[in-house]
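Listed below are the residues making up each chain.
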Amino acid sequence: MTVTIVGSQLGDEGKGGVVDLYGDAADVVARYQGGDNAGHTVVHDGEKYKLSLVPSGAVRGKIGVLGNGCVVNPETLFDEIDTLRERGLDPDVRVAERAHVILPYHRALDGIEEEEKDDLAAGTTKRGIGPTYEDKAGRRGVRIGDLLDPDTLRERLEYVVPQKKALAEDVFDKETGEAFDIDHLYDTYREYGERLAEEGMTVDCGTFLQERIDAGENVMLEGAQGTSLDIDHGVYPYVTSSNPTAGGATVGTGLGPTVVGDGEVIGIVKAYLSRVGTGPLPTELGGVEGQTPDYDPDEGAGEDEEELATYIRDEGGEYGTVTGRPRRVGWLDMPMLRHAARANGFTGLAVNHVDVLAGLDEVKVGHSYEFDGEEILTMPSTTEQWGRCEATFKSFDGWPEVDWAAVAEDGYEAIPENARTYLEYVSDELDAPVYAVGVGPGREETVVVENPYE
Ligand code: GDP
Ligand code: IMO
Ligand code: MG
């Protein structure tokens, strides 16, 4: 069967940790979208692994697959594989022949356009994600399979590179270097193709995964980013350029919707909210310069609120895994989560970072929004409307700091009562059972209620 792991908010909900937790019973872990914009942290045997591209399951000896819905930067891929090997692991990574390749000009153009966009900038990771998906949709992309076929690679580059060079030089008035040089790109990417071939890394993703399923193996589908960063269902244009929602798991792997729908879809929820990047955020606490719209560091949001934001940011280690940027933080946003529960059809939830809120007197959630004088329970479809929403808060009594490792060992009932009340509210509102509760970054710091593979 398949278990699909989906971020329900704005990324960094702790997906990597949940993949690691449940991945034990999986034979194959496949990512279905995104690229090295993701940053997934796995703590294994006291060692911390930060992965951008290699699926989180690879740390535990599972076959990791990058599905056709991913965009792959071969340089990052081989760097990560080499680093894991240096640390004594032997990751088995396969890449879909249909996945698109991130080329150096994509990264360059990502940076150039972000600068140009000003208020419309999403605050991207500048990894070339958007420009690569643009070329995929524009039918001028280079796919992993093309790297193994020199004539096709040459033909693709000869068509597309002059266009990119003209775009950078003539439209954006930038100088270009070897990132826009056909011969350089051809030589470099041919070599990547040779290494992919030598190591037998490329697969026809859908066929590969289906054969595993037919043989009775367990497949895990690992989403990156989160529902509100989805290009269709997120807060456009402050989104990524792919579909992290559960539908992306079928399109991005080549498994049928019935196969994915036959399994479980687990929504990963952070017990509060974090966001790296721009755009509105109705439940935001305080603000971060350069990311929070119209944020004035001198005015701030009031000392108490800024202090609380800093407290949560530091307790939760809310600094970007990929870019190191401080993340914006806020209270849990229920309209955002109701939207996610519908768009993904969650069969279960994993709620992480419950420990981070411990010790606060009061924990709030944005239960609904006030929008043009009316109360609404889910997100409006345009981001301009969302920006006009004011959260209506509901307050919960806080829970104490406890020995979380002991709680994880003793099980759900050992979670402080007020925290359980909070969890049960979330579960009721989303009409999905809680499968796991994260009470610390380590794997053993998780209260497991249900194992989806059992
Ligand atoms: P992902 O992108 O969804 O995989 O999440 P990230 O790895 O970017 O960010 C989550 C961070 O929170 C990582 O540093 C995790 O080790 C950590 N983490 C995950 N679950 C918990 C939890 O329940 N409590 C605490 N304190 N940290 C957690
Ligand atoms: P994981 O998988 C949090 C955000 C960026 C930016 C927007 C678009 O670790 O949860 P992109 O580089 O994708 O074009 O940037 O999306 N973003 C993420 N935020 N976690 C992520 O991944 C993210 N990947 C992209 O900050 O606002
Ligand atoms: Mg992350």
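Residues numbered from 1 in each chain as written. Chains lettered and ligands numbered in written order. Predicted model: local features only at pLDDT ≥ 70, side-chain atom pairs only at ≥ 80, totals over all residues. Heavy atoms only, no water.

Identification of the protein chain as Adenylosuccinate synthetase from Natrinema thermotolerans is taken from an unreviewed UniProt entry. Taken from UniProt, the Subcellular location (unreviewed entry) comment for the protein chain reads in full: "Cytoplasm". Per UniProt, the protein chain has the following entry under Sequence similarities (unreviewed entry): "Belongs to the adenylosuccinate synthetase family." (UniProt positions renumbered as here; feature names shortened; annotations may be inferred.)

Considering the site of ligand 2
Lys 15, Ala 122, Thr 125, Thr 240 and Val 276 are the nearest of the 22 residues found near ligand 2. Between an oxygen atom of ligand 2 and a side-chain N or O atom of Thr 125, the distance comes to 2.6 Å. In the complex, 98% of the free accessible area of ligand 2, which totals 550 Å², lies under the protein chains. Looking at the shell around ligand 2, its residues break down into eight nonpolar, 10 polar and four charged. (Near = heavy atom within 4 Å. Polar contact = N/O pair within 3.5 Å; in protein donor to acceptor, adjacent residues only side chain to side chain. Areas by Shrake-Rupley, 256 points an atom, 1.4 Å probe, with all protein chains shown as cover. Nonpolar A, V, L, I, M, F, W, Y, C, P; charged D, E, K, R; others polar.)

Some thoughts on the packing of aromatic side chains
Summed over the entire model, instances satisfying the criterion amount to six aromatic pairs. Aromatic pair Trp 399 and Tyr 422: ring centres 5.2 Å apart, planes at 50°, arrangement tilted. A residue pair is termed long-range when its members are at least 10 positions apart, and Trp 399 in the loop between β19 (390–397) and α14 (404–410) and Tyr 422 in helix α15 (residues 417–430) qualify at 23 residues. For the pair shown, Trp 399 and Tyr 422 are each scored as buried. Here the aromatic cluster, defined as three or more aromatic residues joined through ring pairs, consists of Phe 396, Trp 399, Tyr 422 and Tyr 425. Sitting above the plane of the Tyr 186 ring, Arg 154 keeps its charged end 4.9 Å from the centroid. The ring of Phe 393 has Lys 364 sitting right over it, with the charged end atom 5.5 Å from the ring centre. (Phe/Tyr/Trp six-rings, centres within 6.5 Å; stacked < 30°, edge-to-face > 60°. Helix = DSSP H or I, 4+ residues; strand = E, 2+ residues; numbered from the N terminus. Buried < 20%, exposed > 50% of the residue type's maximum accessible area, 1.4 Å probe, protein only. Lys NZ or Arg CZ within 6 Å of the ring centre and 35° of its normal.)

Remarks on the nonpolar core
In this structure, Leu 77 and Leu 157 are the most contacted members of the largest nonpolar core, which totals 101 residues. Those residues in contact with Leu 157 that lie beyond four places of it in its chain are Leu 103, Tyr 105, Val 142, Pro 162, Ile 182, Leu 185 and Tyr 186. One finds Ile 5, Leu 21, Ala 26 and Tyr 435 within the second-largest nonpolar core, a separate group that totals 15 residues. (Core = buried A, V, L, I, M, F, W, Y, C linked by side-chain atoms within 4.5 Å. Contact = heavy atoms within 4.5 Å.)

What about the site of ligand 1?
In the region of ligand 1, 18 residues are neighbours, and Lys 15, Gly 39, Thr 41, His 353 and Asp 355 sit closest. In the model, an oxygen atom of ligand 1 is placed 3.1 Å from a nitrogen or oxygen of the Glu 13 main chain. For ligand 1, a nitrogen atom lies 3.3 Å from a polar atom in the backbone of Gly 440. Calculation on ligand 1 without its partners gives an accessible area of 590 Å², and the protein chains cover 92% of this total. Classifying every residue of the shell around ligand 1 by side-chain character gives three nonpolar, 10 polar and five charged.

Some remarks on helix α7 (residues 182–198)
If you check α7, its first and last C-alpha atoms are 24 Å apart, about what 17 residues at 1.5 Å a residue would give, namely 24 Å. Residues Ile 182, Leu 185, Tyr 186, Tyr 189, Arg 190, Tyr 192, Gly 193 and Leu 196 constitute the buried set of α7. Buried residues of α7, viewed axially, fall in a sector of 165°; they line one side. Turned more than 90 degrees away from the buried face of α7 sit Glu 191 and Glu 198, all of them exposed. Residue Gly 200 follows α7 closely and has a positive phi angle near 55°. (Expected span 1.5 Å × (residues − 1). Arc of directions from axis to C-beta.)

Details of the UniProt feature "binding site: Mg(2+)" (unreviewed entry) in the protein chain
As recorded in UniProt, the feature "binding site: Mg(2+)" (unreviewed entry) lies at Asp 12 and Gly 39. Taken along the chain, the residues just named run across 28 residues; in space they keep tight, none of their C-alpha pairs more than 7.6 Å apart. Here Asp 12 lies in the loop between β1 (2–7) and α1 (15–23). Residues within four places of Asp 12 in sequence aside, it is in contact with Gly 39, Lys 270, Ser 274, Val 276, Arg 327 and His 353. With respect to the helices and strands, the residue Gly 39 is situated in the loop between β2 (28–31) and β3 (40–44). If sequence neighbours within four positions are ignored, Gly 39 has contacts with Asp 12, Leu 51, Thr 321 and Val 322.

Side note on the sheet that holds strand β9 (residues 202–203)
Ordered by their spatial adjacency, 10 strands build an open sheet running β9-β7-β5-β2-β10-β1-β11-β16-β20-β21, and the pairing between neighbours is mixed. Pairing within the sheet leaves two strands with one partner each, and these edge strands are β9 and β21 (446–448). (Pairing = 2+ DSSP bridges.)

Quick notes on the coordination of the magnesium ion (ligand 3)
The protein atoms donating to the magnesium ion (ligand 3) are Asp 12 (OD) and Gly 39 (O), with metal-donor distances spanning 2.0 to 2.1 Å. Of the two residues, Asp 12 is situated in the loop between β1 and α1 and Gly 39 in the loop between β2 and β3; the sequence distance between them amounts to 27 residues. Judged by its relative accessible area of 13%, Gly 39 is buried. (Donors = N, O, S within 2.8 Å, 3.2 Å for Na, K, Ca; no water.)

Considerations on the side chain of Thr 253
With respect to the element layout, Thr 253 can be found in the loop between α9 (247–251) and α10 (257–262). On the basis of relative accessible area, Thr 253 is assigned to the buried category, the value being 0%.

Here's the deal with the pattern of salt bridges
Per the counting criterion, the structure on display carries 27 salt bridges. A salt bridge links Glu 13 to Lys 15; its shortest N-O distance comes to 2.8 Å. The closest approach of N and O atoms between Asp 372 and Arg 388, which form a salt bridge, is 2.9 Å. Of this pair, Asp 372 sits in the loop between β17 (362–371) and β18 (374–376) while Arg 388 sits in the loop between α13 (383–387) and β19, and the two are 16 residues apart along the sequence. One continuous salt-bridge network, built from bridges that share partners, spans Asp 12, Lys 270, Glu 318 and Arg 327. (Salt bridge = Lys/Arg side-chain N within 4 Å of Asp/Glu carboxyl O.)

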